[in-house]
Structures are given as C-alpha cells and as structure tokens.
Amino acid sequence: MEAEPAAQADSATGFSISPAAYRRATFAALVSLAVIIETGALVRLTDSGLGCADWPNCSSTKLVDVSSRHAAIEQLNRFFTGVVALAVIAAVLGSLVRRPRRRDLTWLSLSLVGGVLAQIVLGGITVLTDLHPASVQSHFLLSMAILAAAVVLHHRAGEAGGPYLPTVPVGVRRHVYAVTALVGLVLVTGTVVTGTGPHSGDEDARRFGFEIASVARIHGIALLVTLAVLLALAWRLRHHDREAWPVLAEPLTALLVVAVLQGTLGYVQYLNGVPVVLVALHVAGAVAVWWTCLRMLLATRRSNAVHAAPAPAFQRESMRSSR
C-alpha cells in the first residue's frame, strides 16, 4: 500500500519517528512475541500450567502468588505478557507517528493487538479447562499466527511502500507457497504430538488419546516431505528458474539448515525419552523454522520492484493484470 502524500505528512505536528526507528520498534515486538512462545513452553515443560489456578488472579484470594515454584513460573510468564503488550503498543503508536505514515503498517500493527488480546482470552480458557490439549494446541498455533503477522510487519517496515510486485516467476511462487503450507502442517502435527506426549503442563492434565509413536511418525513424515519439496525448490532454482536464485538463495538456504537441525533434534529428543531441555530447544527450533520460512515467502514479492532496467516478463505480466 502506498504511503500517504508527503504534504500530508509534512503538515503533521508533534512527535514523529523515522522509518528506521520504527523498524527497530517492530523488531522489538517480533522478538518479544518469539520469546513468549518459549516461556509459555517452559510453563508446560515444568508442569506449571496450573501453578495459578485462576485467571486473571493467580488464585481466588491473590492476584500475585509466588509461594510455590509452579506458581512463580506461571506468574513470570504472565508478567512477560505485559512486556509483549508494551512492545506491541509501541509498534501501534509508532505506526501512527512514523513519517511518512503508511496505513498498511498501522493495520498490521493493529493485528498484533487483536492477536495478543485473543491470546489472553485463550490463555484464560486454557487454565479454566485444566489445560485441555486442544486449548494448549490452539494457544501455540495462535502464537505462531501472531508471530507471522509480526514478521510481515517488520519486513514491510523495511520497505519503501508502494505496489508489491513479484520477484520470481509464478511457478516458483507457487512452489514457495507449497513449502509454507507444508511447514504449517508440520507445526500442526507437532502440536498433536505435544498433546499426546508426557509434557502436559500439569501431572493431572488430560492428553489426546493417540498412540505417541503413531503421531510422532506422522509428524516426522510431514517434516521429511517438507524437506523433499524444499530440496526440489533448490534444484529448480539452480537448474531451471535461475533468475530467481539470487532472490531466494539466502532465505532458502537458511530454511534448509534450520529445518535439518530441527528434524535431527526431534529424532534425538524422541529416542532419548523427550527430556525437558531438548523439548525446549525443539520449541525454539519450531519458531526458527516458521520465521525463516516466512522470510522466504516474503522474498517472492517486493514493494517498488520496478527498476530503470526492463522488468522481467513475470513482472510485466503482473503489472498488466493489476491494471
């Protein structure tokens, strides 16, 4: 979406920030949203999910209660939610005083607010349902959706605005979309494994009634298929759509490395009885895989992608279809 006219920006009075400063603010929001996914996982892995038996109070009589280890861990995670809220609010307010102001950044930052509010509500439901695995699963997947919005916001904050044009041919874009969908499938199947396995967040919490070996096998197969499709994309760029290789080489290579490490870690943790430390690293790996996958997806389009040199055929076709 195009930035508002310069005259309108110049007529604004009061405090304003530069595009570079605003991009730093969006990065702070992005990092805080990534970190809280890990702290939430630590609550589950330490069986502290019901360390506070009420919401928003820790108990029926206390707003804050750190009398036990489980309660303290749960409280720290809730308090970090406040840090996330401040970072997201800063992203929203920054979009309003950024010069030049861009509506697309404002709407993206507001989506973070909606996501965080939904997460707070879902967190309360998770506690009130005694950590039902479906609630815990939804909690994690919503976190990944919010993280995606934050990645897009940070990416776009680093661009000049204007029309978004493809940087790679349509066939390559569809291939990248397929990889992204498969990564999403890996995340979903991973949450099913989590809801079936031993780390429920509380000793008495319910579990999905699946066979752990079966759901772990499905999750592993989904990852292997994803890696195969990703390797096919790399082969395609090197041998067929070579003009797209400079565009996607860095994010594709990063995704391949992170995905292989994540898969290796997954097998190691499974064969060693899913120890807490390795599971925590696996959660961090899931965040890294999703983040790098989104970076590759975003690289397939770019604002103001028209240069003085003649545009590639796929860009000319996109420009004609947008008229």
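Quick look at the structure, then. In this text the structure is predicted, and so the values were computed from the model without any measurement.

**Some details on the overall build of the chain**
Thinking step 1. Looking only at helices and strands, one finds 10 helices and two strands in the chain.
Thinking step 2. Ordered by position from the N terminus, the helices and strands of the chain form the series α-α-α-α-α-β-α-α-α-α-β-α.
Thinking step 3. The buried share among the 323 residues of the chain stands at 47%.
Thinking step 4. Here the contacts in the chain between residues at least 6 apart in sequence split such that 76% fall between residues at least 24 apart.
Thinking step 5. About 15900 Å² of surface is accessible on the chain, with carbon and sulfur atoms providing 67% of the total.

**Section: a nonpolar patch on the surface**
Thinking step 1. The grouping of I212, L224, Y267, Y270 and L271 at the surface amounts to a nonpolar patch, some 520 Å² of accessible area in total.
Thinking step 2. Contributing elements (two or more residues each) for the nonpolar patch: α7 (212–239) and α8 (245–271).
Thinking step 3. Mapped onto the elements of the fold, Y270 is located in helix α8.
Thinking step 4. By relative accessible area, Y270 is classed as partly exposed at 40%.

**A look at the pattern of salt bridges**
Thinking step 1. Applying the stated criterion across every chain yields a total of three salt bridges.
Thinking step 2. For D241, the salt bridge is made with R236, and the minimal N-O distance between the two is 2.9 Å.
Thinking step 3. Relative accessible area serves as the criterion here: at 24%, R236 is assigned to the partly exposed category.
Thinking step 4. One salt bridge in this structure joins E250 and R295, with 2.7 Å as the shortest N-O distance. Placement of the pair is E250 in helix α8 and R295 in helix α9 (residues 276–298), with a sequence separation of 45 residues.
Thinking step 5. A relative accessible area of 47% means that E250 is categorised as partly exposed.
Thinking step 6. We classify R295 as partly exposed; its relative accessible area is 32%.

**Details of the environment of L224**
Thinking step 1. Looking at where L224 falls in the secondary structure, it is placed in helix α7.
Thinking step 2. In this structure, the C-alpha to C-alpha distance between L224 and G263, residues 39 residues apart in sequence, is 8.2 Å.

**Side note on the packing of helix α4 (residues 103–128) against helix α5 (residues 133–157)**
Thinking step 1. For the pair α4 and α5, interaxial distance at closest approach is 9 Å and the crossing angle is 165 degrees. Between α4 and α5, the angle falls in the class roughly antiparallel. Here α4 runs over α5; the crossing is left-handed.
Thinking step 2. Along the lines of polarity and charge, the residues of the contact of α4 with α5 split into 15 nonpolar, 10 polar and two charged.

**Describing the packing of aromatic side chains**
Thinking step 1. The full count for this structure, using the stated rule, is one aromatic pair.
Thinking step 2. The interplanar angle of 40 degrees and the centroid separation of 5.7 Å between the aromatic rings of F208 and F210 together place this pair among those described as tilted.
Thinking step 3. The positively charged end of R156 is found above the aromatic ring belonging to Y164, 4.3 Å away from the centroid.
Thinking step 4. Just above the ring of W245 sits the side chain of R238; from NZ or CZ to the centre is 4.8 Å.

**Re the nonpolar core**
Nonpolar side chains tend to gather and get buried jointly when the protein is soluble and globular.
Thinking step 1. With 57 residues, the main nonpolar core has L147, L233 and M296 as its most contacted residues.
Thinking step 2. At the level of secondary structure, the elements contributing two or more residues to this core comprise α2 (19–45), α3 (69–97), α4, α5, α6 (170–196), α7, α8 and α9.
Thinking step 3. Apart from the residues within four sequence positions on either side, L233 is in contact with V172, H175, V176, V179, L252 and M296.

**Overview of the environment of A222**
Thinking step 1. Inspection of the secondary structure puts A222 in helix α7.
Thinking step 2. Between the C-alpha atoms of A222 and V186, which are 36 residues apart in sequence, the distance is 5.6 Å.
Thinking step 3. If near-sequence neighbours (up to four positions away) are discounted, A222 is found in contact with L185, V186 and T189.

**Details of the side chain of S303**
Thinking step 1. Structurally, S303 can be placed in strand β2 (residues 301–303).
Thinking step 2. Of the residues examined, S303 reaches a relative accessible area of 6% and is grouped as buried.
Thinking step 3. Apart from residues no more than four positions distant in its own chain, S303 is found in contact with E159, A160, G161, G162, P163 and Y164.

What counts as what
- Residues numbered from 1 in each chain as written.
- Predicted model: local features only at pLDDT ≥ 70, side-chain atom pairs only at ≥ 80, totals over all residues.
- Heavy atoms only, no water.
- Helix = DSSP H or I, 4+ residues; strand = E, 2+ residues; numbered from the N terminus.
- Buried < 20%, exposed > 50% of the residue type's maximum accessible area, 1.4 Å probe, protein only.
- Contact = heavy atoms within 4.5 Å.
- Areas by Shrake-Rupley, 256 points an atom, 1.4 Å probe, with all protein chains shown as cover.
- Patch = residues over 30% accessible without salt bridge, like charges linked within 9 Å, V, L, I, M, F, W, Y side chains within 5 Å.
- Salt bridge = Lys/Arg side-chain N within 4 Å of Asp/Glu carboxyl O.
- Axes fitted to C-alpha atoms, helices over the stretch in contact; angles between N-to-C directions.
- Parallel < 35°, antiparallel > 145°, perpendicular 65-115°, else oblique.
- Left-handed = near helix turned anticlockwise from the far one by under 90°.
- Nonpolar A, V, L, I, M, F, W, Y, C, P; charged D, E, K, R; others polar.
- Phe/Tyr/Trp six-rings, centres within 6.5 Å; stacked < 30°, edge-to-face > 60°.
- Lys NZ or Arg CZ within 6 Å of the ring centre and 35° of its normal.
- Core = buried A, V, L, I, M, F, W, Y, C linked by side-chain atoms within 4.5 Å.

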